Every structure is written in structure tokens, then in C-alpha cells.
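An overview of the molecular structure
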Amino acid sequence: MSERPGRFIVGQKPSGEVLFGDLSDSSTPHLLIGGQAGSGKSFLLRSIVASLVYYHPPSAIRFILIDPKRVTFNVPSFGSAVGAHLDGPIGYDADDALPVIERLVDVMEERYALFTKAQVSDLTEFNECVPERERLERKVVVIDEFQDLTAEKSTAKPFYDGVKRLGAKARAAGVHLILATQRPDKDTVPGLLRANLGGKIALRVASAVNSRIVLDEAGAERLLGKGDLLANLGHGTTRAQAALIS
């Protein structure tokens, strides 16, 4: 298996085959993850981060982690295990997410200016043509329970505007979004947001309506919970069991 920048493990298919995702794939540079309480969302997020850490050294990928409910990444030994890959301390306030999104928009624009000067089209080409000390890492922001940012108009609009800009342009710059919510409804996840997050993963949700919000199809309401998931990573919907990191 040839490795690609941005590869990560989602879980195991019923056939026993590993289901991979790939942030460098043009169809899935960003992820939307939905799942109700008890569905295994926190375990899935930790396993995705851990597999990206496994496949990529700190010089190749850095994380910004936002965990408003303090249950996903506030786990003994997790912070130290991924610490070298963090682009700052783990954020526990939803308000921390807005400055992160705004900063990443600036990073994206700065990188495109560098790419224009170097006459390349994306991060991979840029890193191939510059000395090792000048290479740029991928930046991945993971926001759990992002619905806290959409509850107020004062934060919802700048959040959606930033996601729209990053979703439309950030892949080539090596900037990626992983947004998760336990409330995948039309208010939290409007069509604009879904359209800009190409990779979709649904764990167990309350209703077929919630499933369609995440996947554009029903089915996730019948999942078993505890990491049982449906994923569409650009090649149709696939069922899998999320990895468990003890």
C-alpha cells in the first residue's frame, strides 16, 4: 500500500478489510461526523487523530484540537501521545474555535502566495521543490460539538463563512477541517456546511432525517452504536466498525 499525505484509518469493514480515508483526496479533504451520545463519536475522533499521528511525523502534520465538552481529547495519556503533533494546547472553549478558523484562512492565503511565487499548484508540489527546512506541514483542525458555535448569530455567521472559504480552497494549501456534532439537524448542519465538507461519517443517530443530514441517505438511525458507522469518503457509502484505542 503506497502511503499518501493525509491518510488515516476510519475502521474495519464487515469483510475484515480496513477502511481508509485520505485528506489529500480532492473529494474528501474535510470531514463531517455526526453521532448521538453513546454512538462512539469520541472514540472515532481519537482514533482518526491517532492514525494520522501514526502515519505522519510532526514535521508533516499538526493538529488544532477543540473539545468544548472536555470528554473527547481530555483523556489520560492522549495529550502526551499526540503532543509533538499539536499546534498549541487543546482548546476547551467553543469560542476558541473562531480565532482558529480565522487564522487558518490567513494561513491558506499566505500559502497560496508562496505557491504562486514557486509556480506550483499545491502543498505536495511545493514541498517537493523546496529544501527540507522550508517544507510546510498539513494543518488539521478538529472541532467536537461544533453546534455550540452555531447557536448564536454572532458566532454562527463568521463560523460558516470561514468554513465556506476553507472548504472551497484549503485542500491544496494543506489545511483540513474535521467537524463533529451529536446534533446533526438542519439548523446545526445547513446545506452550505454539508456542501463544503466532502467526507461524511455517520454513527448512530436518532432518526432517518438526521442520517440524511450527514450522509444524504437514511440508514444511520439503524446502526448499533459503539462505533458502528456508515461512511461516504468519495466512493459510495460503506459500513465499518470504528477502531478502539484503549
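To start, this report covers the structure provided alongside it.

Basis of the calculations
- Residues numbered from 1 in each chain as written.
- Predicted model: local features only at pLDDT ≥ 70, side-chain atom pairs only at ≥ 80, totals over all residues.
- Heavy atoms only, no water.
- Helix = DSSP H or I, 4+ residues; strand = E, 2+ residues; numbered from the N terminus.
- Rg over C-alpha atoms; globule rule 2.2 N^0.38 Å.
- Buried < 20%, exposed > 50% of the residue type's maximum accessible area, 1.4 Å probe, protein only.
- Contact = heavy atoms within 4.5 Å.
- Areas by Shrake-Rupley, 256 points an atom, 1.4 Å probe, with all protein chains shown as cover.
- Lys, Arg positive; Asp, Glu negative; His and termini not counted.
- Charge placed at Lys NZ, Arg CZ, Asp CG, Glu CD.
- Salt bridge = Lys/Arg side-chain N within 4 Å of Asp/Glu carboxyl O.
- Pairing = 2+ DSSP bridges.
- Core = buried A, V, L, I, M, F, W, Y, C linked by side-chain atoms within 4.5 Å.
- Phe/Tyr/Trp six-rings, centres within 6.5 Å; stacked < 30°, edge-to-face > 60°.
- Expected span 1.5 Å × (residues − 1).
- Arc of directions from axis to C-beta.

Further remarks concern the overall build of the chain. Looking only at helices and strands, one finds eight helices and nine strands in the chain. Relative to its length of 246 residues, the chain is compact, with a C-alpha radius of gyration of 17 Å against a globular reference of 18 Å. If you line up the chain on its principal axes, its C-alpha atoms span 50 × 45 × 35 Å. For the chain, the proportion of its 246 residues judged to be buried stands at 52%. Put simply, of all contacts in the chain between residues at least 6 apart along the chain, 68% involve residues at least 24 apart. In the structure as shown, the chain presents an accessible area of about 11200 Å², 51% of it carried by carbon and sulfur atoms. The centroid of the 30 positive side-chain charges in the chain is displaced by 3 Å from the centroid of its 30 negative side-chain charges.

Another point: the pattern of salt bridges. All chains considered together, the criterion is met by 13 salt bridges. For Lys169, the salt bridge identified is with Glu109, shortest N-O distance 3.1 Å. Here the residue Lys169 occupies a position in helix H6 (residues 153–169), and Glu109 occupies one in helix H3 (residues 97–118), the gap between them amounting to 60 residues. Given the relative accessible area of 36%, Lys169 is considered partly exposed. Of the residues examined, Glu109 reaches a relative accessible area of 29% and is grouped as partly exposed. The residue Asp185 makes a salt bridge to Arg183 at a minimum N-O spacing of 3.7 Å. The class for Arg183 is partly exposed, based on a relative accessible area of 41%.

Across the six residues that make up strand E5 (residues 138–143), a large majority, six, are buried. Neither face of E5 is open: one carries Arg138, Val140 and Val142, the other Lys139, Val141 and Ile143, and all of them are buried. Relative to E5, strand E4 (residues 61–66) runs parallel, the two being bridged by six bridges. Opposite Ile66, over in E5, you have Ile143 as the bridge partner. Of the strand pairs in this sheet, E5 and strand E6 (residues 175–181) are connected by five bridges, and their pairing is parallel.

On to the nonpolar core, then. With 36 residues, the main nonpolar core has Ile143, Phe146, Phe159, Leu166, Leu177, Leu179 and Leu193 as its most contacted residues. Where this core is concerned, the elements lending two or more residues are E4, H3, helix H4 (123–129), E5, H6 and E6. With nine residues, the single largest contributor to this core is H3. Leu166 has contacts with His30, Ile101, Leu104, Val105, Met108, Arg171, Val175 and Leu177, leaving out every residue within four places of it along the chain. Core analysis: the next-biggest nonpolar cluster, separate from the first, contains 31 residues, Leu23, Ile48, Phe73 and Ile178 among them.

For the rest of this paragraph, the subject is the packing of aromatic side chains. In the structure shown here, the tally under the stated rule is seven aromatic pairs. Here Phe146 and Phe159 contribute two aromatic rings whose centre-to-centre distance is 5.9 Å and whose plane-to-plane angle is 25°, an arrangement assigned as stacked. Here the residue Phe146 occupies a position in the loop between E5 and helix H5 (147–150), and Phe159 occupies one in helix H6, the gap between them amounting to 13 residues. Take Phe146 and Phe159: they sit in the same class, and that class is buried. Geometrically, the ring pair formed by Phe159 and Tyr160 is tilted, given 5.7 Å between the ring centres and 55° between the ring planes. The exposure class assigned to Phe159 is buried, which follows from its relative accessible area of 0%.

A few words on unusual backbone geometry. Positive phi, close to 55°, is recorded for Glu145, a residue that is not glycine. Its relative accessible area of 4% is what places Glu145 among the buried residues.

Time to look at H6. Turn by turn, an α-helix covers 3.6 residues, leaving residues three or four places apart pointing in a common direction. The end-to-end C-alpha distance of H6 is 24 Å, a good match for the 24 Å that 17 residues give at a rise of 1.5 Å each. Along H6, the residues classified as buried are Thr155, Ala156, Phe159, Tyr160, Gly162, Val163, Leu166 and Gly167. For H6, the buried positions fall inside an angular range of 165° around the axis, keeping them on one side. Across from the buried face of H6, at angles greater than 90 degrees, the exposed residues are Lys153, Ser154, Lys157 and Ala168. Next to the buried residues of H6 lie H3, E5, H5, E6 and helix H7 (191–196).

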